[in-house]
Amino acid sequence: MPDKPKIAICVSGQTRHFNADPQYTEDFNNVLGLFDDFEYDLFGHTWSDQENPHPEVLERFTDYRSDDQKVIWDTIIDSNSYKNPEQHPHWSQFFTPKRDWLNKKEYQDILNGTSDTSYIDFAKERINGHCGQVWSAMESFLLTKHKHYDFVVRIRWDSKICDEPSEFTMPIEEEIKQFKHTLWAWINQKEKFNLSPLDNANCLVADDCLIKNNQFYTNDMLYVIKGNVLRNIIDNYTTIHIFEKMLNEVGHYVSMSHELWADWLNILNLECVPALNNLIRLNGDFRLVNDPVSKPNKKWRA
């Protein structure tokens, strides 16, 4: 029997409530089950203000790292971290000010110097909110650098397989079966796809993603990237180099966090096809999704 393809599964972002309930570990294992036709290594990254996953999960990782988010600011302001130190971006380009912020007294006070929060501290928080997801994912990808994989999967810590089958045209078991078949056929080139875009794709995303005229809508829950393509990225770019490239080629400011994923996919010339059944959702307490205390960046739409 031929060897199974070897893949890397990179888990990134905030761990949030991962340790709060055994259900979240079960959710995590169910998502990993989507890839049990392959031999995989786990890689993880999160931020030091988050709990590490509990030991029974953590010991399964080939490599895992937790960083203080101040590394984002420290790297951004270090001119030597860029490919072109003499013309590097300014820190103010790493978040997108919104016109409606001017209607907020809190923001006016910061601008006027009458707040306990300085503009620099405000900017650091917004930059973390804008850049943190993509930054964490890139760091998890970089952990795979010393091995070669047929493809690399990016997922979030707070993921689950959808438990609302009414969303689908088939029973959830059939949706999962189709997901696995598409992925297996694509990575093994076991069949052609009737000259569909899948023949030339190097990145698969969920089928609710919209890709038209180089404009993307992406739900950021799942990316599956061919290993040689990701290898070329991580061999040639550090995390900050990717942001430098986006700012030089896409726009003057870094986009909001979810729009930033679209920029990331586009700037790296990934040929994305929305072919995988949209099975993965967020888990956890949705009452907290827009809570300004637990998720302050939501107030500033980061």
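In every chain, residue numbers begin from 1 and rise along the written sequence. Totals for whole chains, interfaces and linings use every residue, but because this is a predicted model, local features are given only for residues with pLDDT of at least 70 and side-chain atom pairs only at 80 or more, for both listing and counting. Water and hydrogen atoms were dropped before computing side-chain values, which therefore reflect all heavy atoms in the structure.

This part covers the nonpolar core. We call a set of buried residues a nonpolar core when its members are Ala, Val, Leu, Ile, Met, Phe, Trp, Tyr or Cys and they connect through side-chain atoms within 4.5 Å of each other. Three exposure classes are used, based on accessible area relative to the maximum for each residue type with a 1.4 Å probe and protein chains only: buried under 20%, partly exposed in between, and exposed over 50%. In terms of nonpolar packing, the biggest core is built from 52 residues, with Ile76, Phe94, Ile127, Phe141, Phe243, Trp264 and Leu270 touching the most fellow members. Per element, the largest residue contribution to this core is ten residues, and it comes from helix H5 (residues 119-142). The contact criterion used is simple: two residues touch if any of their non-hydrogen atoms lie within 4.5 Å. If near-sequence neighbours (up to four positions away) are discounted, Phe141 is found in contact with Cys10, Val152, Arg154, Ile225, Leu230, Ile234 and Trp264. Of all hydrophobic cores here, the second largest spans 36 residues; its members include Ile9, Phe18, Phe38 and Val224. For the purposes of this entry, the term helix denotes a DSSP run of H or I that reaches at least four residues, the term strand denotes a run of E that reaches at least two, and both are numbered from the N terminus.

A few words now on unusual backbone geometry. Unusually for a residue other than glycine, Arg16 sits at a positive phi of about 50°. Structurally, Arg16 is set in the loop between strand S1 (6-12) and helix H1 (22-32). Within the chain, Asn269 stands out as a residue other than glycine whose phi angle is a positive 55°. Assignment of secondary structure puts Asn269 in the loop between helix H9 (257-267) and strand S10 (272-276).

Looking now at the side chain of Thr46. With respect to the secondary-structure elements, Thr46 resides in strand S2 (residues 39-47). In this structure the side chain of Thr46 is engaged in a polar contact, spanning 3.4 Å, whose partner is the backbone nitrogen of Thr15. Sequence-distant contacts of Thr46, defined by excluding residues within four places in its chain, comprise Gly13, Gln14, Thr15, Asn52, Tyr64, Arg65, Ser66, Asp67, Ser136 and Trp157. N or O atoms within 3.5 Å of each other form a polar contact, as long as, within protein, one can give a hydrogen and the other can take it, and as long as residues adjacent in sequence are counted only when both atoms are side-chain atoms.

The next subject is the packing of aromatic side chains. Under the pairing criterion, centres of Phe, Tyr and Trp rings, with the six-membered ring standing for Trp, must be within 6.5 Å; the plane angle then separates stacked pairs below 30 degrees from edge-to-face pairs above 60, leaving the rest tilted. Counted by the stated rule, this structure contains 25 aromatic pairs. Aromatic side chains Phe61 and Trp157 sit 5.6 Å apart centroid to centroid with 35° between the ring planes, which places their arrangement in the tilted category. Note that Phe61 is positioned in strand S3 (residues 61-67) and Trp157 in the loop between strand S4 (151-156) and strand S5 (159-161), a separation of 96 residues in sequence. Through a chain of ring-to-ring contacts, three or more aromatic side chains come together here, namely Trp73, Trp91, Phe95, Trp101, Tyr107, Tyr119 and Phe122. Only when the NZ of Lys or the CZ of Arg is both within 6 Å of the ring centre and within 35 degrees of the ring normal is a charge said to sit over the ring. The ring of Tyr237 carries the charged tip of Lys83 above its face, separated from the ring centre by 4.5 Å. A cation sits over an aromatic face here: Arg126 above Phe122, 4.8 Å from the ring centre.

What follows is about helix H7 (residues 227-236). Of the positions making up H7, those classed as buried are Gly227, Val229, Leu230, Arg231, Ile233 and Ile234. On its buried side, H7 packs onto H5, S4, strand S9 (223-226) and helix H8 (239-249).

Looking now at the pattern of salt bridges. The salt bridge definition used is simple: a Lys or Arg side-chain nitrogen within 4 Å of an Asp or Glu carboxyl oxygen. Scanning the entire structure with this criterion turns up 15 salt bridges. Two residues, Arg65 and Glu139, come together in a salt bridge whose shortest N-O distance is 2.5 Å. Residue Arg65 is located in strand S3, and its partner Glu139 is located in helix H5; the two are separated by 74 residues in the primary sequence. The exposure class assigned to Arg65 is partly exposed, which follows from its relative accessible area of 27%. Measuring nitrogen to oxygen at the nearest pair gives 3.5 Å for the salt bridge that ties Arg231 to Asp235. Linking Arg231 with Asp235, this pair stays in helix H7, spanning four residues, or about one helical turn. A cluster of three or more residues bridged by salt bridges with shared partners is formed by Lys6, Glu39, Asp41 and Lys147.

Moving on to the packing of H5 against H8. Angles run from 0 to 180 degrees between N-to-C directions of axes, and those axes are lines fitted to C-alpha atoms, restricted for helices to the stretch in contact. Relative to each other, H5 and H8 sit at 130°, their axes nearing to 9 Å. Taken together, the axes of H5 and H8 are oblique relative to one another. The handedness of the crossing between H5 and H8 is right-handed. Across the interface between the two elements, Cys131, Val134, Trp135, Met138, Glu139 and Leu142 of H5 pack against Thr239, Ile240, Ile242 and Phe243 of H8. Considered class by class, the residues forming the contact of H5 with H8 number eight nonpolar, one polar and one charged. In what follows, roughly perpendicular refers to angles from 65 to 115 degrees, roughly parallel to angles under 35, roughly antiparallel to angles over 145, and oblique to any angle outside these ranges. Helix crossings get a hand from a simple test, with the near helix turned counterclockwise from the far one by less than a right angle marking a left-handed crossing and a clockwise turn marking a right-handed one. Any residue that is not Ala, Val, Leu, Ile, Met, Phe, Trp, Tyr, Cys, Pro, Asp, Glu, Lys or Arg is counted as polar, Gly included; the first ten are nonpolar and the last four charged.

Okay, H5 next. In this scheme, a helix's expected span is set at 1.5 Å multiplied by one less than its residue total. Over its 24 residues, H5 runs 32 Å from end to end, which matches the ideal 34 Å to within 8%, given 1.5 Å per residue. To get the bend at a residue, fit one axis to the 7 residues ending there and another to the 7 starting there, then take the angle between the axes. For H5, the principal kink sits at Cys131 and spans about 55°. The buried fraction of H5 is high, at 18 of 24 residues.

Strand pairing in a sheet relies on backbone hydrogen bonds, with the paired strands running either antiparallel or parallel. Here a strand pair is declared whenever DSSP counts at least two bridges between the two strands. Pairing within the open sheet is mixed, and its seven strands lie in the order S3-S2-S1-S4-S9-S6-S10. The sheet is open, and its two borders are formed by S3 and S10, each paired with just one other strand. Each strand of the sheet is rotated relative to its neighbour by a mean of 20°, with strand direction disregarded. As defined by bridge partners, strand S6 (residues 203-206) adjoins S10 across four bridges and the pair is classed as parallel.

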